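Results of the structural survey
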Amino acid sequence: MTGIWLPLAATALAAALTYLCCIRPIRRRDGCSPATPERTKESVDEEIRRTREELRVLHTQTAVKTDPVAAPERGPETIRP
């Protein structure tokens, strides 16, 4: 029975530290993580534009790897739902 006290004490200490360091600050709304930046329509549009450009570059690189003759440049693609 005495061999169980140390693991129980360690578990209780871990639970108490988790509550004090993580759960309590989050419940008070001043958690450790920084606030996420505001997303505006312009920032979302810019992110979509960058992602489409990156996708175009990846398609071009893949086409060049599979076809030794240079692949023609493609225009912007439309993503359909």
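Residues numbered from 1 in each chain as written. Predicted model: local features only at pLDDT ≥ 70, side-chain atom pairs only at ≥ 80, totals over all residues. Heavy atoms only, no water.

**Re the overall build of the chain**
The secondary structure content of the chain amounts to 2 helices and 0 strands. Residue burial in the chain is summarised as follows: out of 81 residues, 2% are buried. With an accessible surface of roughly 7,800 Å², the chain has 64% of that area assigned to carbon and sulfur atoms. (Helix = DSSP H or I, 4+ residues; strand = E, 2+ residues; numbered from the N terminus. Buried < 20%, exposed > 50% of the residue type's maximum accessible area, 1.4 Å probe, protein only. Areas by Shrake-Rupley, 256 points an atom, 1.4 Å probe, with all protein chains shown as cover.)

**Some details on a nonpolar patch on the surface**
A contiguous nonpolar surface patch, about 330 Å² in accessible area, is contributed by Ile4, Trp5 and Leu8. Note that Trp5 resides in helix H1 (residues 5–27). Accessibility expressed as a relative area gives 54% for Trp5, which makes it exposed. (Patch = residues over 30% accessible without salt bridge, like charges linked within 9 Å, V, L, I, M, F, W, Y side chains within 5 Å. Salt bridge = Lys/Arg side-chain N within 4 Å of Asp/Glu carboxyl O.)

**Thoughts on the pattern of salt bridges**
Following the criterion strictly, the structure yields 4 salt bridges and no others. As a salt-bridge pair, Arg49 and Glu46 come within 2.7 Å of each other at their nearest N and O atoms. Residue Arg49 and its partner Glu46 are located together in helix H2 (residues 41–66), separated by 3 residues, close to a single helical turn. Notably, a salt bridge pairs Arg50 with Glu46, separated by 3.9 Å at the nearest N-O pair.

**Comments concerning H1**
With 23 residues, H1 ought to run about 33 Å at 1.5 Å a step, and its terminal C-alpha atoms sit 31 Å apart, in line with that. Within H1, the axis deviates most sharply at Tyr19, by approximately 40°. Directly after H1, the chain includes Arg29, whose backbone phi takes a positive value near 65°. (Expected span 1.5 Å × (residues − 1). Bend = angle between axes of the 7 residues up to and from the residue.)

**Digging into the state of the cysteines**
Counted under the stated rule, the structure contains 0 disulfides. Here Cys21 is not disulfide-linked; the sulfur of Cys22 is the nearest cysteine sulfur, at 6.1 Å. Looking at Cys21, the relative accessible area reads 46%, which means it is partly exposed. Overall, the relative accessible area of 41% leaves Cys22 in the partly exposed class. (Disulfide = S-S within 2.5 Å.)

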